[in-house]
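An overview of the molecular structure
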Amino acid sequence: MQSVKMQRVKIKSRKPQSLGSRLFDVGNYILLALVGLVMFYPMYYVFIISISSAEFINQGSVNLFPRGINWDAYKIVFKNEQIWTGYKNTILYTTVGTLINLACTAMCAYPLSRKDLYGRSVITVIVTLTMFVSGGLIPLYLVVSQLKLLNTMWAIVLPPAISTYNMIVMRTSFSAIPDSLMESAYLDGANDIQILARIVLPLSKPIMATMTLFYAVSHWNSYFPAMIYLNDQAKYPVQVIMRDIVIQGDMAQNGDIASNLNVVATNYKYAVIIISVIPILMVYPLLQKYFTKGVMVGAVKG
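Read on for an overview of the structure. (Residues numbered from 1 in each chain as written. Predicted model: local features only at pLDDT ≥ 70, side-chain atom pairs only at ≥ 80, totals over all residues. Heavy atoms only, no water.)

What follows covers the packing of aromatic side chains. Two measures describe an aromatic ring pair: the distance that separates the ring centres and the angle between the ring planes. Throughout the structure, instances matching the rule amount to nine aromatic pairs. Their ring planes at 45° and their centres at 6.4 Å tell us that Tyr-41 and Tyr-44 sit as a pair that is tilted. Remark: Tyr-44 and Tyr-41 occur in helix α2 (residues 19-50); sequence separation between them is three residues, near one turn of the helix. Ring geometry for Tyr-141 versus Tyr-229: centroids 6.1 Å apart, planes at 15°, classification stacked. Here Tyr-229 lies in helix α13 (residues 224-229) and Tyr-141 lies in helix α7 (residues 137-146), a separation of 88 residues in the sequence. Ring pairing ties together the aromatic residues Phe-40, Tyr-41, Tyr-44 and Tyr-45, which thus form one cluster. (Phe/Tyr/Trp six-rings, centres within 6.5 Å; stacked < 30°, edge-to-face > 60°. Helix = DSSP H or I, 4+ residues; strand = E, 2+ residues; numbered from the N terminus.)

Here's what the structure looks like:
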């Protein structure tokens, strides 16, 4: 009965929104709807072009809805073995690279989150400077070359092993874990590796999921390192192949396109874009519930 009375009191204590507050909310909804539309339409346009007939594309009459719907461009894309090889390489680079990123970032963030680390502030400043000062592309290439990593997967996944920004966010999240938990673990005989693996990481699922998303998207969309370090086309990720198709038009003279009246090079290019983007978009719903919480936890304390 008391809980029911308390709920009634809370409901009665709520003041009705003023006209200005309502107008502000409506304005926010309209603004966010417009921003969402502006962000959504380019991808929607690429999709409707990819399934429209070549006749209407050449006329420039495809704007809001697809015309002469056909899936021939996707059939041609699925028959391209080079794209499937690129997919396999991209999945491999993204998986291995993300695991390396998470391991290195966590092992760097954990000691910097400990207040008993001697010289923690100095080390943090030195690490932060790497966000503003770097050796440049040529020294990095020379290092990769001297380490015999050229034309290997490791040239793609090892140089970006740690993002300084992500490490600082993760360090801040680790700092929010009560010191009493770690002190109890020390008393039970646990070392720092066991504390990190059994206490810190299990309590940091939101930030780990957020970092997984950040790193995975970065690896999936990356193409420049592959262009620099890889010489074998069989090792190219799908983004490099898509770049060749979209910018250089290497596949425009594909025999399947020339023999199909419903497909032009534009169909083919846009179909490749859609196919290369959809897999990483499917990751967002799986990690969305952790995303906001992880970013907020990592940004509250400095």
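We now examine the layout of surface pockets. In this model, the largest pocket occupies a volume close to 560 Å³. Around the largest pocket, the lining comprises 15 residues; the ones closest to its centre are Thr-130, Ser-134, Pro-159, Pro-160 and Ile-162. Going through the elements one at a time, α7 and α9 (164-175) are the ones with two or more residues in the lining of the largest pocket. Looking at which element gives the most residues to the lining of the largest pocket, the answer is α7, with three residues. Class assignment for the residues of the lining of the largest pocket results in nine nonpolar, six polar and no charged. (1 Å grid on protein atoms, 1.4 Å probe; cavity = no way out; pocket = protein on both sides within 12 Å on 5 of 7 lines; lining within 4 Å. Points joined across faces, edges and corners; volume = space filled by probe spheres on them. Nonpolar A, V, L, I, M, F, W, Y, C, P; charged D, E, K, R; others polar.)

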